[in-house]
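# Structural characterization, general
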Amino acid sequence: MRRMHPDPIPMEVQARIMDAAVRAPSGGDSQAWRFLLVDDPTVKGQLAEPYRDSVRLLWRGHYSAQAAAAEADPQAETSRKFLRLRSSVQYLADHLEEVPLLFFAFSRNDRDGSSTFPAVWSAMLAARAQGVGSAMTNVLDIFRPDTTKALLGVPPDRGWTLAATVAMGYPKGRWGVAPRQPAHTVTYRNRWGADPGFSTEEPLWPPTRRHA
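Reference entry: report on the structure contained in this document. This is a predicted model, so every value here is computed, not measured.

To continue, consider the overall build of the chain. The number of helices and strands found in the chain is seven helices and four strands. In the chain, the succession of helices and strands from N to C terminus is α-β-α-α-α-β-α-β-α-α-β. Whereas a compact globule of 212 residues would reach a radius of gyration of roughly 17 Å, the chain reaches 19 Å, a difference of no more than 12%. Across its three principal axes, the chain shows a C-alpha extent of roughly 50 × 45 × 40 Å.

Below is the structure:
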């Protein structure tokens, strides 16, 4: 959910979200993570340009060929999907200062930060249960990790890795079911390529009602 109202998220809702995050599993139950919540308009403003610059690098680099193909044939189904995605990603970048809450996840002794992902996902699921939309992005930890950590006051000599950034806010749009390959087409049982024993042609997790 990348289009969000600027309305603040109540502190008690934030507490529920973060309590869910710390209940997540981690390798060896080490819980080697720290979370930083940003709702200060000044800090969000300082982060906005590095974020937008990172998104520009994303379009010019990793997705440059896909963007060129979509622009050359915008009516193709794959092109429409990509252009919709690009539009929503760009909207978040253009309105980052208006996002009510930015949630940063950090890990230590974990080069790519993957040990924090269960906690991040738990926070996002808890946010959804509270009617709060969220969108995880990795552009800052890919393109501007040092700048981001400096702006947030993260100690540079303690080995903290920026693992993920999550924008959170009450959604402007409706909840939907994320378009994905059916589970049975990417799942095997007992041996690679074997039938999993179930079929999921229709989503089994319908969307929930959005925040009023």
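If you trace the backbone, G45 turns up in helix α2 (residues 41-60). With relative accessibility at 35%, the residue G45 sits in the partly exposed group. Residues G45 and H62, spaced 17 residues apart in sequence, show a C-alpha to C-alpha distance of 26 Å.

Counting along an α-helix, one turn takes 3.6 residues, and residues three or four places apart therefore face a common direction. Helix length check: α2 (20 residues) gives 29 Å between terminal C-alpha atoms against 28 Å at 1.5 Å per residue, within 8%. Buried residues of α2: V43, K44, L47, A48, P50, Y51, R52, S54, V55, L58 and W59, and no others. Measuring from the backbone nitrogen of T42 back to the side-chain oxygen at the start of α2 gives 2.7 Å, which picks out D40 as the cap.

With respect to the helices and strands, N138 occurs in the loop between β3 (133-137) and α6 (139-143). Separated by 28 residues in the primary sequence, N138 and V166 place their C-alpha atoms 8.7 Å from one another. Not counting residues within four places of it along the chain, the set of residues in contact with N138 comprises A163 and A164. A polar atom in the side chain of N138 sits 2.9 Å from the backbone oxygen of A163.

So, on to the environment of V55. Mapped onto the elements, V55 comes out in helix α2. What makes V55 buried here is its relative accessible area of 1%. Separated by 108 residues in the primary sequence, V55 and A163 place their C-alpha atoms 17 Å from one another. Every residue in contact with V55, bar those within four places of it in the chain, is listed here: V89, Q90, A93 and V139.

Turning next to the packing of α2 against helix α4 (residues 77-94). Packing of α2 against α4 leaves a shortest axis separation of 9 Å and a crossing angle of 160°. Classified by the angle their axes make, α2 and α4 are roughly antiparallel. When you trace α2 past α4, the crossing you get is left-handed. Residues Y51, R52, V55 and W59 of α2 lie in contact with α4, whose contacting residues are F82, R86, V89, Q90, L92, A93 and D94.

Sheet architecture is open: four strands sit in the order β1-β2-β4-β3, paired in antiparallel fashion. Strands with a single pairing partner mark the edges of an open sheet, and in this sheet they are β1 (33-38) and β3. Between one strand axis and the next, the sheet turns by 25° as a mean value, whatever way the strands run. By the bridge criterion, six bridges tie β1 to strand β2 (residues 101-108) in an arrangement that is antiparallel. In the strand pairing of β2, R34 is matched with F106. Across the sheet, helix α1 (residues 11-22) is in contact with β1, β2 and β4 (160-169); its angle to β1 comes to roughly 165°. Against the sheet, helix α5 (residues 117-129) engages β1, β2, β3 and β4, with an angle of about 10° to β4.

Moving on to the pattern of salt bridges. This structure, assessed with the given rule, holds eight salt bridges. E49 is paired through a salt bridge with R56; the nearest N and O atoms lie 2.5 Å apart. Between R144 and D53 there is a salt bridge, and its shortest N-O distance comes to 2.3 Å. Taken together, the residues R144 in the loop between α6 and α7 (145-152) and D53 in helix α2 connect sequence positions 91 residues apart. Salt bridges sharing common partners tie together E49, R52, D53, R56, E97 and R144.

Rules behind the numbers
Residues numbered from 1 in each chain as written. Predicted model: local features only at pLDDT ≥ 70, side-chain atom pairs only at ≥ 80, totals over all residues. Heavy atoms only, no water. Helix = DSSP H or I, 4+ residues; strand = E, 2+ residues; numbered from the N terminus. Rg over C-alpha atoms; globule rule 2.2 N^0.38 Å. Buried < 20%, exposed > 50% of the residue type's maximum accessible area, 1.4 Å probe, protein only. Expected span 1.5 Å × (residues − 1). Polar contact = N/O pair within 3.5 Å; in protein donor to acceptor, adjacent residues only side chain to side chain. Contact = heavy atoms within 4.5 Å. Axes fitted to C-alpha atoms, helices over the stretch in contact; angles between N-to-C directions. Parallel < 35°, antiparallel > 145°, perpendicular 65-115°, else oblique. Left-handed = near helix turned anticlockwise from the far one by under 90°. Pairing = 2+ DSSP bridges. Salt bridge = Lys/Arg side-chain N within 4 Å of Asp/Glu carboxyl O.

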